[in-house]
Amino acid sequence: MQLIEATILLLESWASQIPVELYSLFGAFIEEVVAPIPSPLVMGTAGSIAQAQGKGVTFLFILAIIGSVGKTLGGYLMYFIADKAEDLVFGKFGKFFGISHKEIEGIGKHFNGGRRDDLILFLIRAAPVVPSAPVSLVCGLIKINLRTFLVSTAFIIKIFVLPVLLKSFQDI
């Protein structure tokens, strides 16, 4: 719990110390990797900062794209870690768990990277009760098609980041 509180305090201090664009990028990355951080924290703060600096609403679109890049990179890091951990753990110790490395990656092969898979992953990520970090970890664990993962991650994040920015912009 102290790690989460310390991370939130770090993000809050960055908000007044670095340019809002960098805050959006790095804050969104950290927000994605440290799952219990409330989702609107970074982008809501970024929207408030942009408004206080007199930036226009079109600037929020730029911040949304920057935040989306940060969150997508954070999601990819989680995907990558899960993929490599699965290779290591189940490649060597799968027999102890009763499932092999090949069987786990076989699950991911059911997702061939088509539009249907993009839509399925998009809908999973769109569900408000589903945190994104575990989705990224599972996608890496079963080695879902990387293009499908990245496209659905970037797209869904843009859809949810922009409203948070706009709301925070209007609240001030």
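Bear in mind the structure is a predicted one, so any value in this text is a computation, not a measurement.

1. Remarks on the pattern of salt bridges
For the structure shown, the criterion picks out 5 salt bridges. For R147, the salt bridge is made with D118, and the minimal N-O distance between the two is 3.2 Å. Of the two residues, R147 sits in helix α8 (residues 146–171) while D118 sits in helix α6 (residues 115–126), which places them 29 residues apart along the sequence. The class of D118 is buried, set by a relative accessible area of 14%.

2. Considering helix α4 (residues 57–97)
In an α-helix, one full turn covers 3.6 residues, which means residues spaced three or four apart are oriented alike. For α4, built from 41 residues, the straight-helix expectation of 60 Å at 1.5 Å per residue is missed by more than 12%, its first-to-last C-alpha distance being only 52 Å. Where α4 bends most, the angle comes to about 55 degrees, and this point is G91. The positive-phi residue at the C-terminal boundary of α4 is G98, with phi of around 80 degrees.

3. Here's the deal with the packing of helix α2 (residues 20–33) against α4
Contact geometry for α2 and α4: axes closest at 7 Å, N-to-C directions at 35 degrees. Between α2 and α4 lies a crossing whose hand is right-handed. Across the interface between the two elements, V20, E21, S24, L25, A28, F29, E31, E32 and V33 of α2 pack against F59, L63, I66, G67, V69, G70, K71, L73, G74, G75, L77 and M78 of α4. Counted by class, the contact of α2 with α4 contains 12 nonpolar, 5 polar and 4 charged residues.

4. Some remarks on the confidence of the model for the chain
Looking at the chain, the pLDDT average stands at 80 and 88% of residues meet or exceed 70. Helix α7 (residues 132–141) holds the highest mean pLDDT among the elements of the chain, 88, whereas α8 holds the lowest, 68.

5. Thoughts on the nonpolar core
Among the nonpolar cores identified, the biggest contains 18 residues, and L11, V20, Y23, I37 and L63 are the most heavily contacted of them. For V20, the contacting residues outside a window of four places in its chain are A46, I49, Q53, F59 and L63. In this structure, Y79, L121, I144 and F149 belong to the second largest nonpolar core, which totals 6 residues.

6. Quick word on the side chain of D117
Of note, D117 is situated in helix α6. Within the local environment of D117, its side chain forms a polar contact with the side chain of R116, the two groups lying 3.2 Å apart. Those residues within four positions of D117 in sequence are excluded, and the remaining contacts are H110, F111, N112 and T148.

7. Structural notes on unusual backbone geometry
With phi around 55 degrees, K143 is a residue other than glycine that occupies positive phi space. Given a relative accessible area of 33%, K143 falls into the partly exposed group.

8. Considerations on a nonpolar patch on the surface
Where nonpolar side chains cluster on the molecular surface, the patch consists of Y76, L77, F80, I81 and L146 and spans about 390 Å² of accessible area. The greatest single-element share of the nonpolar patch, amounting to 4 residues, is contributed by α4. By the secondary structure assignment, F80 is in helix α4. Since its relative accessible area comes to 37%, F80 is described here as partly exposed.

9. Considerations on the packing of α2 against helix α3 (residues 40–52)
With their axes 8 Å apart at the nearest point, α2 and α3 run at an angle of 170 degrees to one another. In terms of orientation, α2 lies roughly antiparallel with respect to α3. When α2 is examined against α3, the residues V20, Y23, S24, G27, A28 and E31 are found in contact with a partner set consisting of P40, L41, V42, M43, T45, A46 and I49. A breakdown of the residues in the contact of α2 with α3 according to their chemical character gives 9 nonpolar, 3 polar and 1 charged.

10. Considerations on the environment of F111
Here F111 is to be found in the loop between α5 (101–108) and α6. On the basis of relative accessibility, which here comes to 26%, the residue F111 falls in the partly exposed class. Sequence spacing of F111 and T148 is 37 residues, and the spatial spacing of their C-alpha atoms is 8.6 Å. Residue contacts for F111: discarding those within four places in its chain leaves D117, I120, I142, I144 and N145.

Reading the values: rules and limits
- Residues numbered from 1 in each chain as written.
- Predicted model: local features only at pLDDT ≥ 70, side-chain atom pairs only at ≥ 80, totals over all residues.
- Heavy atoms only, no water.
- Salt bridge = Lys/Arg side-chain N within 4 Å of Asp/Glu carboxyl O.
- Helix = DSSP H or I, 4+ residues; strand = E, 2+ residues; numbered from the N terminus.
- Buried < 20%, exposed > 50% of the residue type's maximum accessible area, 1.4 Å probe, protein only.
- Expected span 1.5 Å × (residues − 1).
- Bend = angle between axes of the 7 residues up to and from the residue.
- Axes fitted to C-alpha atoms, helices over the stretch in contact; angles between N-to-C directions.
- Left-handed = near helix turned anticlockwise from the far one by under 90°.
- Contact = heavy atoms within 4.5 Å.
- Nonpolar A, V, L, I, M, F, W, Y, C, P; charged D, E, K, R; others polar.
- pLDDT = per-residue confidence, 0-100.
- Core = buried A, V, L, I, M, F, W, Y, C linked by side-chain atoms within 4.5 Å.
- Polar contact = N/O pair within 3.5 Å; in protein donor to acceptor, adjacent residues only side chain to side chain.
- Patch = residues over 30% accessible without salt bridge, like charges linked within 9 Å, V, L, I, M, F, W, Y side chains within 5 Å.
- Areas by Shrake-Rupley, 256 points an atom, 1.4 Å probe, with all protein chains shown as cover.
- Parallel < 35°, antiparallel > 145°, perpendicular 65-115°, else oblique.

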